[in-house]
Amino acid sequence: MDMDVMKKVEELKIVPVVKLDRAEDARPLAEALCAGGLPVAEVTFRTDAAEESIRIMRKEFPEMLVGAGTVTNLDQVARAVEAGAQFIVSPGMSRAVVEYALEKGIAVFPGTCTPTEVMMAMEYQLPVVKFFSAKQYGGLGTIKALAAPFPSMRFMPTGGINADNIKEYLGFDKIVACGGSWMVKDAYINAGEFDKIRELTEEAVKLVK
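Procedures and definitions
Residues numbered from 1 in each chain as written. Predicted model: local features only at pLDDT ≥ 70, side-chain atom pairs only at ≥ 80, totals over all residues. Heavy atoms only, no water. Buried < 20%, exposed > 50% of the residue type's maximum accessible area, 1.4 Å probe, protein only. Helix = DSSP H or I, 4+ residues; strand = E, 2+ residues; numbered from the N terminus. Arc of directions from axis to C-beta. Contact = heavy atoms within 4.5 Å. Polar contact = N/O pair within 3.5 Å; in protein donor to acceptor, adjacent residues only side chain to side chain. Core = buried A, V, L, I, M, F, W, Y, C linked by side-chain atoms within 4.5 Å. Pairing = 2+ DSSP bridges.

Focus on helix 4 (residues 74-83)
For step 1, the next point in the chain: Among all positions of helix 4, only Gln76, Val77, Ala80, Val81 and Ala83 are buried. Within helix 4, the buried residues cover an arc of 160° as seen down the axis, which keeps them to one side.
For step 2, the next point in the chain: Where helix 4 is buried, its residues contact helix 3 (50-60), strand 3 (65-69), strand 4 (87-89) and helix 5 (95-103).
For step 3, the next point in the chain: Two to three positions downstream of the cap, the backbone nitrogen of Asp75 sits 3.2 Å from a side-chain oxygen, assigning the N-cap of helix 4 to Asn73.
For step 4, the next point in the chain: In the segment just after helix 4, Gly84 is the residue with positive phi, at about 110°.

Structure below.
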């Protein structure tokens, strides 16, 4: 497990969750995030452009922390790692994905929303899990309830988190960072509105400082 990645995620506090339909958008998006003060991206494997997008970001922006999100199976995690992903995020708890990432020394954040899933993650000595989908599964209240019996576990909630509620989430000491897409919405990326993404990223960074 790469603890340097864990530390960096905690320092940045926000992990932009990105869906790229075109690999050519990877460079201007990465540039906008870095210029906005948030050199990190979770590129979701929801599109065919994900793998190449990760490769481009890692090559063009070596200062960035680039991970793969929505990784649900062994094929995807292998492709993500080969492309240069520095961390893996999964919507659920897949033993195959977790074991592959750990074998490669890559930080991994499996998705959890129940005590059983948290306990499965703890079997691998994982210090942080994703909590997904935060809004639908009770938000901060549920995270606090889960944190009580598992005091060593920390969480990275994603789903329904935005500029209006992120400070409340980050105010709980068991939350290391939050995943969010409000500054990198599909519509902004597809329309080439990278200046807007940079502005929203700057605002988000100021918000959580």
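Next, the rest of the story.
With respect to the nonpolar core
For step 1, the next point in the chain: Counting 82 residues, the largest nonpolar core has Leu29, Met57, Phe87, Ile88, Phe109, Phe155 and Met156 as the members making the most contacts within it.
For step 2, the next point in the chain: With residues up to four places along the chain from it excluded, the contact list for Phe109 reads Met6, Val9, Phe87, Ile88, Val89, Ser90, Val128, Lys130 and Met156.

Notes on the sheet that holds strand 7 (residues 128-131)
For step 1, the next point in the chain: Taken in spatial order, the three strands of this open sheet run 6-7-8, and their pairing is parallel. In the strand order of this sheet, the two ends are held by strand 6 (111-112) and strand 8 (154-157), each with one partner.
For step 2, the next point in the chain: In the sheet, strand 7 pairs with strand 8 via four bridges, with the strands oriented parallel. Each bridged residue has a counterpart across the sheet, and for Phe131 the counterpart in strand 8 is Pro157.

Purely spatial values, then, with no claim about function.
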